Amino acid sequence: MRPLSLRRVVLLLFITVVIPALLVEPSLGASVDDATRQLSRDIFKQLIEINTTDSVGSTTVAAQAMAQRLLDAGFPPADVAVLGPNGRKGNMVARLHGTGAHRPVLLIGHLDVVEARREDWTTDPFEFVEKDGYFYGRGTQDMKSDDAIFVTTFIRFWKEGYKPDRDIILALTADEEGGKSNGIDWLLKHHRDLIDAEFVLNADGGGVDTVNGKPLIVSMDSSEKLYADFQLTVTNPGGHSSLPRPDNAIYHLTDALGRLERYQFPFELNPVTRAYFERMARVETGQTASDMTAVVKTPPDPAAIARLSSDPLNNATIRTTCVATRLDAGHANNALPQTASANVNCRILPGHSREEVRQILIRVLADPKVTVRYVGNDGAVFDRAPEGQAFPPVTLRADVMQTLERVAGSMWPGAPVVPTMATGASDGVYTNAAGLPTYGISGIAIDLDDVRAHGKDERVRVESFYEGVDFYYRYLKALTTR
Ligand SMILES: [Zn+2]
């Protein structure tokens, strides 16, 4: 996904105020040797130039190319596989064997990219272009850079004969951005044994937030909200509009939506959002900083909650949200409406289920004439919503967190590690739901005003890419040497 995530937008808002205090050191630059630079660049270029869009691309081609890289480096064929539900949606799974002292760690990255049209871009989106200190191409931010970094790290570890204290599994997958064949979901359902792990590192989240290349914070996505659409419907016999009746489908629906508009889901923090506010309070200033401190206290200060709630981004962090996004009603200008329907989109805090939220909607809408049904990913409508898919917030593992603080501290001194809850969703939805706690961690630095994932002229700083190469090598090694 690599969305314009919560903290990026938050930071954009106060950047002008706090930056002078925060600019400690420019980043130190990557310490990777020339051969590693060349290798990682070649892999990155190769991935960018393989079209992996859902419309005409193939993740299988990319998965096979990465498998071949590992085989050429000497990985045993038994430890490298390309598998998928059909010929165009292949996933690559590879394993670097460790001592077995601990259960494996799984690295995930998606190979697919969002559509990109040549006429929208300055350069060809499927050509790897180096220009003005940047690499351009679809997937340079989201997320072929990190895919290339994972493969490079695997090859370096293998060539060194490095033996981690647990197996390191790499899964490069299909259809994170859309499409019907989500690779992580498919692997979990059909080849769980191949990717089963104690925890997961997902490079599709987290990263270094920079301003003009200067690091501000190192974020770690440790939680995600759950996505759900609900269809609200009112039906009515209708009739001639010259003879209005009080019982009107549109009025029933809009009255109910008015009640939803005035409803606020309860304030709730989890370990991740609590840590987020604690750390952001140190980076923020003024009223916002003191409000952030006040909401992590027990009991939290209601006035501080109210003030934070007036900001859409803070509001989305402290509660589940549901909002009307579409309306459809009536069939003729001169007829009473026979149906009125609305779509309500919800972003649900970890630990709650879609069915639980459907029940709350029914209570809040408070009109038995309004039916509330769940809309699945493929548009199919169900009377009830899934109950089993809610997952609790992940615990902030000490090894994952402290190692990140140590390695990031040496590479980007002065930029604190901040745990974040993504308000969107990534493949972590599947791994977390399967009981594999997932952390979004990346060493790629992107300027807060240069987030181009899914957009035109997507790019990443050349040096930022090599720092990312350096970061994952150091981080994984520190994490798996004990
Ligand atoms: Zn992504």
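All figures in this text were calculated on a predicted structure; none of them were measured in a lab. (Residues numbered from 1 in each chain as written. Predicted model: local features only at pLDDT ≥ 70, side-chain atom pairs only at ≥ 80, totals over all residues. Heavy atoms only, no water.)

1. Quick look at the packing of helix α2 (residues 34-48) against helix α15 (residues 462-479)
The cut-off we apply is this: Here, axes are lines fitted to C-alpha atoms. For helices the fit covers the stretch in contact, and angles between N-to-C directions go from 0 to 180 degrees. Helix and strand definitions follow DSSP, with helices as H or I runs of at least four residues and strands as E runs of at least two, each counted in order from the N terminus. Working rule for angles: under 35 degrees goes down as roughly parallel, over 145 as roughly antiparallel, 65 to 115 as roughly perpendicular, anything else as oblique. Two residues form a contact once any of their heavy atoms are found within 4.5 Å. Here the nonpolar group is Ala, Val, Leu, Ile, Met, Phe, Trp, Tyr, Cys and Pro; Asp, Glu, Lys and Arg are the charged ones; every other residue, Gly included, is treated as polar.
It is at 11 Å that the axes of α2 and α15 come closest, and there the two elements cross at 110°. Classified by the interaxial angle, the pair formed by α2 and α15 is roughly perpendicular. On α15, the residues touching Thr 36, Arg 37, Ser 40, Arg 41 and Phe 44 of α2 are Glu 463, Phe 465, Tyr 466 and Val 469. Grouping the amino acids of the contact of α2 with α15 by side-chain chemistry returns four nonpolar, two polar and three charged.

2. Some details on the sheet that holds strand β16 (residues 381-382)
Operational definition: Strands were regarded as paired on the criterion that DSSP finds at least two bridges between them.
Pairing is antiparallel in the open sheet, where five strands are placed in the order β12-β14-β10-β15-β16. Two strands in the sheet have a free side with no partner beyond their single neighbour: β12 (321-329) and β16. Here ten bridges tie strand β10 (residues 226-235) to strand β14 (residues 339-348), and the two strands are oriented antiparallel to one another. Within β14, the residue paired with Leu 226 across the bridge is Ile 348. Contacting β10, β12 and β14, helix α7 (residues 249-262) runs over the sheet at an angle of about 20° to β14.

3. Some remarks on the side chain of Asn 248
For clarity, the cut-off: Think of it in three bands: residues with accessible area under 20% of the maximum for their type are buried, residues over 50% are exposed, and the middle band is partly exposed, with areas taken using a 1.4 Å probe on protein chains only. Polar contacts, as used here, are pairs of N or O atoms within 3.5 Å; protein pairs need one atom able to donate a hydrogen and one able to accept it. Residues neighboring in sequence count only if both atoms are side-chain atoms.
Inspection of the secondary structure assignment puts Asn 248 in the loop between β11 (239-240) and α7. Of the residues examined, Asn 248 reaches a relative accessible area of 10% and is grouped as buried. Within the structure, Asn 248 has its side chain in polar contact with the backbone nitrogen of Ile 250 (distance 2.7 Å). A polar atom in the side chain of Asn 248 sits 3.1 Å from the backbone nitrogen of Tyr 251.

4. Things to note about the nonpolar core
Under the convention used in this document: The term nonpolar core refers to a set of buried residues drawn from Ala, Val, Leu, Ile, Met, Phe, Trp, Tyr and Cys, joined through side-chain atoms within 4.5 Å.
In this structure, Leu 201, Ile 441, Phe 465, Tyr 472 and Tyr 475 are the most contacted members of the largest nonpolar core, which totals 67 residues. No other element matches α15, which puts ten residues into this core. Grouped together as the second largest cluster of nonpolar side chains are 26 residues, Val 234, Ala 249, Phe 265 and Ile 348 included.

5. Digging into the packing of aromatic side chains
The cut-off we apply is this: Pairing of aromatic rings covers Phe, Tyr and Trp, the last counted by its six-membered ring, and requires centre-to-centre distances within 6.5 Å; plane angles under 30 degrees mean stacked, over 60 mean edge-to-face, and any other angle means tilted. As a reminder, the over-ring test applies to NZ of lysine and CZ of arginine, requiring each to be within 6 Å of the ring centre and within 35 degrees of the ring normal.
Summed over all chains, the structure comprises 22 aromatic pairs. Between the aromatic rings of Phe 128 and Phe 135, the centroid separation amounts to 4.8 Å while the plane-to-plane angle is 25°, which identifies the pairing as stacked. On the accessibility criterion, Phe 128 (7% relative accessible area) is buried. Assessed through its relative accessible area of 0%, Phe 135 is described here as buried. Ring pairing ties together the aromatic residues Phe 44, Phe 128, Phe 135, Phe 465 and Tyr 466, which thus form one cluster. The ring of Tyr 466 has Arg 37 lying over it, and the distance from NZ or CZ to the ring centre is 4.1 Å.

6. Overview of unusual backbone geometry
The step from Asp 142 to Met 143 runs through a cis peptide bond, and the omega angle for that step is -10°. Relative to the assigned elements, Met 143 resides in the loop between β5 (134-136) and α4 (144-160). A cis amide bond links Thr 298 with the next residue in sequence, Pro 299, at an omega value of -5°. Tracing the chain through its elements places Pro 299 in the loop between α9 (286-295) and α10 (302-309). For Asp 132, which is not glycine, the phi torsion reads 55° and is therefore positive. On the secondary structure map, Asp 132 appears in the loop between β4 (129-131) and β5. Note on Asp 132: relative accessible area 66%, which makes it exposed. Look at Asp 175: it is not a glycine, yet its phi comes out positive at around 55°. Along the polypeptide, Asp 175 turns up in the loop between β6 (168-173) and α5 (183-190).

7. Description of the environment of Asp 193
Relative to the elements of secondary structure, Asp 193 occurs in helix α6 (residues 192-195). Judged by relative accessible area, which is 62%, Asp 193 ranks as exposed. For Asp 193 and Ser 309, which are 116 residues apart along the polypeptide, the C-alpha to C-alpha distance reads 43 Å.

8. Describing the pattern of salt bridges
We apply this condition: Counted as salt bridges are all cases of a side-chain nitrogen of Lys or Arg within 4 Å of a carboxyl oxygen of Asp or Glu.
Evaluated as defined, the whole model comprises 26 salt bridges. For the salt bridge of Arg 459 with Asp 450, the shortest nitrogen-to-oxygen distance reads 3.0 Å. No difference in accessibility class separates Arg 459 from Asp 450, as the two residues are buried. By sharing partners, the salt bridges in this structure join Arg 166, Glu 198, Arg 397 and Asp 399 into a single network.

9. Observations regarding α15
Note the cut-off: The span one expects for a helix is its residue count, reduced by one, times 1.5 Å.
Here α15 spans 26 Å end to end across 18 residues, near enough to the 26 Å set by a 1.5 Å rise per residue. Among the 18 residues in α15, 14 count as buried, and that is most of the element.

10. Re helix α13 (residues 398-411)
Along an α-helix, residues three or four positions apart point the same way, because every turn accommodates 3.6 residues. For α13, with 14 residues, the first-to-last C-alpha span of 20 Å sits near the 20 Å given by 1.5 Å per residue. Within α13, the full set of buried residues consists of Asp 399, Val 400, Met 401, Thr 403, Leu 404, Val 407, Ala 408 and Met 411. Buried residues in α13 make contact with β7 (199-202), β9 (214-224), α8 (271-283), β17 (417-422), β18 (438-440) and α15.

11. Topic: the side chain of Thr 403
On the secondary structure map, Thr 403 appears in helix α13. Those residues within four positions of Thr 403 in sequence are excluded, and the remaining contacts are Ala 398, Tyr 475, Ala 478 and Leu 479.

12. Looking at the confidence of the model for the chain
Note the cut-off: For every residue, the pLDDT score states the predictor's confidence, bounded by 0 at the bottom and 100 at the top.
In the predicted model, the chain carries a mean pLDDT of 91, and the fraction of residues at 70 or more is 93%. In the predicted structure, residues 2-28 sits below a pLDDT of 50 and forms 72 contacts with residues beyond four places in sequence or in another chain.

13. Re the pairing of β10
Within β10, seven of the ten residues are buried, which leaves the element mostly enclosed by the surrounding structure. When β10 meets strand β15 (residues 371-375), the two strands line up antiparallel, connected through five bridges. Directly across from Phe 230, in β15, lies its bridge partner Tyr 374.

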